[in-house]
Every structure is written in C-alpha cells, then in structure tokens.
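As a plain string of letters, each chain reads:
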Amino acid sequence: MMEYQELADRVKAVRERMAGAAARAGRKPGDILLCAACKAQPGDKVRAAAHTDIDLFGENRAQEMRDNLQAGAYLDVPAHFIGNLQTNKVRQVVGRAAVIHSVDRGRLLDAIAREAAAQGLVQDILIQVNLAGEQSKAGVAPEDLRPLLERAAGHEALRVRGLMAIPPQTDTQEEARPYFAMLRDLFEQAISWRLTGQRWDTLSMGMSDSFEAAILEGATLVRVGRHIFGDRPG
C-alpha cells in the first residue's frame, strides 16, 4: 500500500508541473483545479489522498463512489463523477456527485434532471464532447452541442457548468493541444449563446499524459490518476 508521504510527494510533483504550465500560459496556478481520478483505488488509499493537496476526487463508477462516500473516505473533499454514466445508475450518482462530467445525450440529461427534481436539488453537470468522432468514446458531437444545451436549459433541476472531453490518444502533449483548443473554442461559443440555467466556469480536460497541454489551452480542471496513485489495481 502506498504510504501517505509518497502520495503527498506525487501530488506535489503534479502541482509543480501544473504551476509551470500555468506560468507559461500567463495564468494563475490557483485558477486550475486538480482532480485525483481514483478509479478502483481502495478506500484507505483514497482516504490518505484526501489529506494531500488535491482539490477534488473523480470517480468512474457509481458503486465505487457510493462505497467511498459511505465509508467517509473522501473526508471533506468533493467528489465528481467523471466516468460513463448509464441511465440505470443515475439514482446512485445524483445528489452524491458535486458535478457529473459525462453528460452526452438527451436521454441521460433528462434522467438526471428527473432524479434531481425528485430529490429537491439542482445537479451541476458538464457536457462531454467527442472531439474527433471516435466510436470508442462517449460524447456529443460538436455540431450537436447547442441542441443538447438548449434541452438542458429547459430543466430547472440542472445547472450546466461547462464542458469535458477525452481527446484522442496522441504520442506527445503538443499533438493533443489542437483538441484542447477546439474544446476551449466550443466553451467560449457556448457562453455567447447565453442560455438560461447555466454557469460557465469549468473546462475539464487533460489527464496524466496531457494535463500540461490542457492548461496551456485553458483548462480549469485537470483529471490526474496514474501520476498520483500509480497504476490502477488489477
């Protein structure tokens, strides 16, 4: 089991790289949130990470989020849902996740809104965009973003906070930058539409192999797993 100090040192190293990228972009490091993506990590390791200099946790699976919440593993650190969400798992996530990052279709959006209304709350969400039309990845096509956002605007129990994407795998961070720039442009375009019930403050992009490039292109939240926790458990 990775000890707390090793986790803290790994987070510090990620923070230093984030600060370096922010400086190159003329940005403040404090404007970029660090999400520790803790897919499949044991609860005691998650709890140890909650004591380090992270801003939030990211969970890929509804059951793992539920289990970690029940165990108090997150302590006072917010948890976001960053994985693919099926409609039959919506009830396990709404009201538990501070933000749901992976909303990419009308049926899912409607299901989240119904559950949030039933719980008497407003659920914060991000819209996931499939930047390159990859069949293997979820996400709304860029040309279908506005209709989905207009649909979201019709739900009082939803609040769109921004966009999320997982770009195609590239050999270098530099090769990923055009995709991040594309998402930033979509983000700025969506703000200009001035739809109701939306608060545009989150651009979630960049993971362990690309977060510096994402920061250079305007990310406000990066999702880092392997550089914090090491390889995922088998």
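Only a predicted model underlies this, so the values are computations on that prediction, with no experimental measurement involved.

S.K.: Pulling in residues and values, what's your account of the nonpolar core?
M.R.: If you look at the biggest cluster of nonpolar residues, it comprises 70 residues, and the most contacted ones within it are Phe57, Ile100, Ile112, Ile127, Leu163 and Ile228. The leading source of residues in this core is helix H7 (residues 173-193), at seven residues. Setting aside its immediate chain neighbours within four residues, isoleucine 100 contacts Phe81, Leu85, Val93, Val94, Ile112, Gln123, Asp124, Ile125 and Leu126.

S.K.: Account for the side chain of serine 208, naming residues and giving values.
M.R.: Mapped onto the secondary structure, serine 208 falls in the loop between strand E7 (198-204) and helix H8 (211-216). At 3.4 Å, the side chain of serine 208 and the backbone nitrogen of glycine 225 are in polar contact. Each residue touching serine 208, except ones within four places of it in the same chain, is listed here: Arg17, Arg223, Val224, Gly225, Arg226 and His227.

S.K.: How would you explain the pattern of salt bridges if you had to name every residue and give the values?
M.R.: Within the structure shown, the criterion is met by 19 salt bridges. The salt bridge involving arginine 17 is made with glutamate 212; its shortest N-O contact spans 2.7 Å. Taken together, the positions of arginine 17 in helix H1 (residues 4-24) and glutamate 212 in helix H8 put the pair 195 residues apart, joining distant regions of the chain. Overall, the relative accessible area of 14% leaves glutamate 212 in the buried class. Residues aspartate 110 and arginine 151 are paired through a salt bridge, measuring 2.5 Å at the closest nitrogen-oxygen approach.

S.K.: Describe in detail the packing of aromatic side chains, supporting the description with residues and values.
M.R.: With the rule as written, the count across this model stands at two aromatic pairs. A centroid spacing of 5.5 Å and a plane angle of 75° characterise the contact between phenylalanine 187 and tryptophan 200, whose relative ring orientation is edge-to-face. Here phenylalanine 187, found in helix H7, pairs with tryptophan 200, found in strand E7; they are 13 residues apart in sequence, far enough to count as distant. Per residue, the accessibility class of phenylalanine 187 equals that of tryptophan 200, and both read buried.

What counts, and at which threshold
- Residues numbered from 1 in each chain as written.
- Predicted model: local features only at pLDDT ≥ 70, side-chain atom pairs only at ≥ 80, totals over all residues.
- Heavy atoms only, no water.
- Core = buried A, V, L, I, M, F, W, Y, C linked by side-chain atoms within 4.5 Å.
- Buried < 20%, exposed > 50% of the residue type's maximum accessible area, 1.4 Å probe, protein only.
- Helix = DSSP H or I, 4+ residues; strand = E, 2+ residues; numbered from the N terminus.
- Contact = heavy atoms within 4.5 Å.
- Polar contact = N/O pair within 3.5 Å; in protein donor to acceptor, adjacent residues only side chain to side chain.
- Salt bridge = Lys/Arg side-chain N within 4 Å of Asp/Glu carboxyl O.
- Phe/Tyr/Trp six-rings, centres within 6.5 Å; stacked < 30°, edge-to-face > 60°.

Taken by themselves, the reported measurements are silent on function.
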